[in-house]
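# A closer look at the structure
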Amino acid sequence: MISQKAKYALRALAALAQADPAEPMLISEIAVQQSIPKKFLEQILLDLKRSGIVVSRRGKQGGYLLLKPADAITFGEVLRLVDGPIAPLPCLSQTAYRRCEDCDGEHLCEIRHVFARVADATRNVLFNTTIADAIEGAGEPKAAPVRELLTA
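Along each chain, the written sequence defines residue order, and numbers are assigned to residues from 1. Only residues with pLDDT of at least 70 are given local features in this predicted model, and only at 80 or more are side-chain atom pairs given and counted; all residues enter the totals for whole chains, interfaces and linings. As a rule here, side-chain values come from all non-hydrogen atoms in the structure, and water together with hydrogens is ignored.

Bringing unusual backbone geometry into the picture now. In this structure, Ser35 is a non-glycine residue whose phi angle is positive, near 55°. Tracing the sequence through the fold places Ser35 in the loop between helix H2 (27-34) and helix H3 (38-50). Strands here mean DSSP runs of E at least two residues long; helices mean DSSP runs of H or I at least four residues long; both are numbered from the N terminus.

Here you go:
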């Protein structure tokens, strides 16, 4: 399962992607529109800003904007940023590999072989589905609308 924080991050990015790209959105606007607690959203947007996905503007006309285009932000990138490794087993992680404590050998592990296929399929979907795809919600390999994905 993905965390609530990851769901909120994806919903905030969807809101920013659907907004006027020339008009920054206030945290309070995003929070109300997406039903996200404002304090939690502030933390999430700071993380997204640090990783170069969004940018903030200060002042009267301030707020948040996408720094990267919505069609260049993948679900996998956001999930990895917010929740960490995507793999179901530590021995399958691409970013935080760790041998399983009870492992007698990865090449002999039936469990690893099955979950390697799961991890590959999951990564394929997540890293080939963008925020723009989710908003459009049409066709393969595009994803369902963000609300649908995040409430499933």
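Back to the text.
A few words on the environment of Gly105. Along the polypeptide, Gly105 turns up in the loop between helix H4 (75-83) and helix H5 (110-127). With relative accessibility at 10%, the residue Gly105 sits in the buried group. Distance from Gly105 to Met25, taken between C-alpha atoms, is 51 Å for residues 80 residues apart in sequence. Here the term buried applies to any residue with accessible area under 20% of the maximum for its type, exposed to any over 50%, and partly exposed to those in between, with areas from a 1.4 Å probe on protein chains only.

To continue, consider the pairing of strand S2 (residues 63-66). Walk down a regular strand and you will see the side chains alternate between the two sheet faces. Note on pairing: two strands pair once DSSP finds at least 2 bridges between them. Pairing between strand S1 (residues 54-57) and S2: four bridges, direction antiparallel. Across the sheet, residue Val55 finds its bridge partner in S2, namely Leu65. Turn length for the S1-S2 hairpin, with the two strands adjacent in sequence and antiparallel, is five residues, and the turn residue Gly59 shows positive phi of about 95°.

Turning our attention to the packing of helix H1 (residues 4-18) against H2. Lines fitted to the C-alpha atoms define the axes, with helices restricted to the stretch that makes contact. Angles between their N-to-C directions range from 0 to 180 degrees. At a minimum axis distance of 10 Å, the contact between H1 and H2 shows a crossing angle of 110°. Considering their axes alone, H1 and H2 lie roughly perpendicular with respect to each other. Between H1 and H2 the crossing geometry is right-handed. Taking contact as the criterion, the partners of Arg11, Ala12, Ala15 and Leu16 in H1 are, on H2, Ile30, Gln33 and Gln34. In terms of residue class, the contact of H1 with H2 is built from four nonpolar, two polar and one charged. Roughly parallel means an angle under 35 degrees; roughly antiparallel means over 145; roughly perpendicular covers 65 to 115; every other angle is labelled oblique. The crossing is said to be left-handed when, going from far helix to near helix, the turn is anticlockwise and less than a right angle, and right-handed when the turn is clockwise. Whether two residues are in contact is decided by their heavy atoms: any pair within 4.5 Å suffices. In the scheme used here, Gly and all other residues not listed as nonpolar or charged are polar, with Ala, Val, Leu, Ile, Met, Phe, Trp, Tyr, Cys and Pro taken as nonpolar and Asp, Glu, Lys and Arg as charged.

Joining through side-chain atoms within 4.5 Å is the link that ties buried Ala, Val, Leu, Ile, Met, Phe, Trp, Tyr and Cys residues into a set, and such a set is a nonpolar core. Core analysis: the biggest nonpolar cluster contains 32 residues, and Leu13, Ile30, Leu41, Leu45 and Leu48 have the highest contact counts within it. Secondary-structure elements contributing two or more residues to this core are H1, H2, H3, H4 and helix H6 (131-136). At eight residues, H1 tops the list of elements feeding residues into this core. Leu41 has contacts with Ala12, Ile27, Ile30, Ala31 and Ile36, leaving out every residue within four places of it along the chain. One finds Leu89, Cys103, Ala116 and Ala119 within the second-largest nonpolar core, a separate group that totals eight residues.

Looking now at the packing of aromatic side chains. The aromatic pairing rule takes the rings of Phe, Tyr and Trp, using the six-membered ring of Trp, and pairs them if the centres are within 6.5 Å, calling planes under 30 degrees apart stacked, those over 60 edge-to-face and the rest tilted. For the structure shown, the criterion picks out one aromatic pair. Between Tyr8 and Phe40, the ring centres sit 5.6 Å apart and the planes meet at 80°, which makes this aromatic pair edge-to-face. You can see Tyr8 sitting in helix H1 and its partner Phe40 sitting in helix H3, a full 32 residues away along the chain. On the basis of relative accessible area, Phe40 is assigned to the partly exposed category, the value being 27%.

A grouping of Ile111, Val114, Phe115 and Val118 is seen on the molecular surface, where their side chains present a nonpolar patch of about 320 Å² in accessible area. On the accessibility criterion, Ile111 (52% relative accessible area) is exposed. Patch definition: residues above 30% relative accessible area lacking any salt bridge, with like charges linked at up to 9 Å and the nonpolar side chains Val, Leu, Ile, Met, Phe, Trp and Tyr linked at up to 5 Å. Only the protein chains shown count as cover for residues, and the accessible areas themselves come from Shrake-Rupley with a 1.4 Å probe. Salt bridge, as used here, is a side-chain nitrogen of Lys or Arg placed within 4 Å of a carboxyl oxygen of Asp or Glu.

One pass over the full model with this rule turns up five salt bridges. The shortest N-O distance in the salt bridge between Asp47 and Arg50 comes to 3.0 Å. Separated by three residues within a single helix, Asp47 and Arg50 lie in helix H3, roughly one turn from each other. With relative accessibility at 23%, the residue Asp47 sits in the partly exposed group. The exposed category is assigned to Arg50, whose relative accessible area is 64%.

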